[in-house]
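Observations on chain architecture
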Amino acid sequence: MDTHTNPDDQALTRLRTDFPGHRIWRATRYDGLPGDWIGTLHDDSAGIDPTVIRDSAADLRQALDAERGRRTR
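Every value quoted in this text rests on a predicted model; they were computed, and no experiment measured them.

Calculation notes
Residue numbers restart at each chain and count upward from 1, following the sequence in its written direction. Per-residue local features of the predicted model are confined to residues with pLDDT of at least 70, and side-chain atom pairs are confined, for both listing and counting, to 80 or more; whole-chain, interface and lining totals are unaffected and use all residues. Calculated side-chain values reflect all of the structure's heavy atoms, with hydrogen atoms and water omitted. Secondary structure elements are taken from DSSP: a helix is a run of H or I of four residues or more, a strand is a run of E of two residues or more, and numbering for both begins at the N terminus. Per-residue accessibility, obtained with a 1.4 Å probe over protein chains only, is compared with the maximum for each type, and a residue is labelled buried under 20%, exposed over 50%, and partly exposed between these values. In this description, contact between two residues means that some pair of their heavy atoms is separated by no more than 4.5 Å. Note that His is not counted, nor are the chain ends; the positive residues are Lys and Arg, and the negative ones are Asp and Glu. Note on charges: their place is set at NZ of Lys, CZ of Arg, CG of Asp or CD of Glu. Per residue, pLDDT captures the predictor's confidence, and it can take any value from 0 to 100. Strands are labelled as partners when DSSP assigns at least two bridges between them. What counts as an axis is a line fitted to C-alpha atoms, over the stretch in contact for a helix, and the angles between N-to-C directions run from 0 to 180 degrees. Throughout this description, the term nonpolar core refers to a set of buried Ala, Val, Leu, Ile, Met, Phe, Trp, Tyr and Cys residues connected via side-chain atoms within 4.5 Å.

A few words now on the overall build of the protein chain. The secondary structure content of the protein chain amounts to 2 helices and 3 strands. Projected onto its principal axes, the C-alpha positions of the protein chain cover 50 × 30 × 20 Å. Here the protein chain holds 73 residues, and 29% of them are scored as buried. In the protein chain, once contacts between residues fewer than 6 apart in sequence are set aside, the share between residues at least 24 apart is 23%. Positive and negative side-chain charges in the protein chain, numbering 11 and 13 respectively, have mean positions lying 4 Å apart.

A word on the confidence of the model for the protein chain. With 95% of its residues at a pLDDT of at least 70, the protein chain reaches an overall mean of 92. Within the protein chain, the element-level pLDDT minimum falls on helix H2 (residues 57–72), averaging 93, and the maximum on strand S3 (residues 51–54), averaging 98.

Topologically, threonine 5 is positioned in the segment before helix H1 (7–18). On a C-alpha basis, the gap between threonine 5 and aspartate 18 in space is 19 Å, while along the polypeptide they are 13 residues apart.

Attention now moves to the side chain of histidine 22. Considering the arrangement of structural elements, one finds histidine 22 in strand S1 (residues 22–28). In this structure histidine 22 comes out as buried when scored by relative accessible area, which is 6%. Setting aside residues up to four positions removed in sequence, histidine 22 forms contacts with Gly39, Thr40, Leu41, His42, Ala46 and Leu64.

Moving on: the sheet that holds S3. Pairing between the strands of a sheet is mediated by backbone hydrogen bonds and can be parallel or antiparallel. Across the sheet, which stays open at both edges, the 3 strands sit in the order S1-S2-S3 with antiparallel pairing between neighbours. Of all strands in the sheet, those bounded by a partner on one side alone are S1 and S3. Looking at each pair of strands side by side, their axes are set apart by 25° on average, direction ignored. Across the sheet, H1 is in contact with S1 and strand S2 (34–41); its angle to S1 comes to roughly 155°.

Of all hydrophobic cores here, the largest spans 11 residues; its members are Ala11, Leu12, Leu15, Phe19, Ile24, Trp37, Val52, Ala57, Leu60, Ala63 and Leu64. Among the elements of the structure, H1 and H2 are those that each provide at least two residues to this core. By residue number, the principal contributor to this core is H2, which donates 4 residues. Leave out the neighbours within four places in its chain, and alanine 57 touches Ala11, Leu15 and Trp37.

In structure tokens form, the structure reads like this:
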């Protein structure tokens, strides 16, 4: 039995846990491969922009941290 866990799945889980005010997901590219990382705002207290799109999980995390900071100002 293969118990290998995809690192992208782990990153997705961490983002969803750390940013519950956003719906976090991966887009699918035209060729069927995973695409951009996306955070859609569902709780107005969690950010300003309704949708944040980045190339990587790390970039999305940084952008959502900034969103959180924008809301608290």
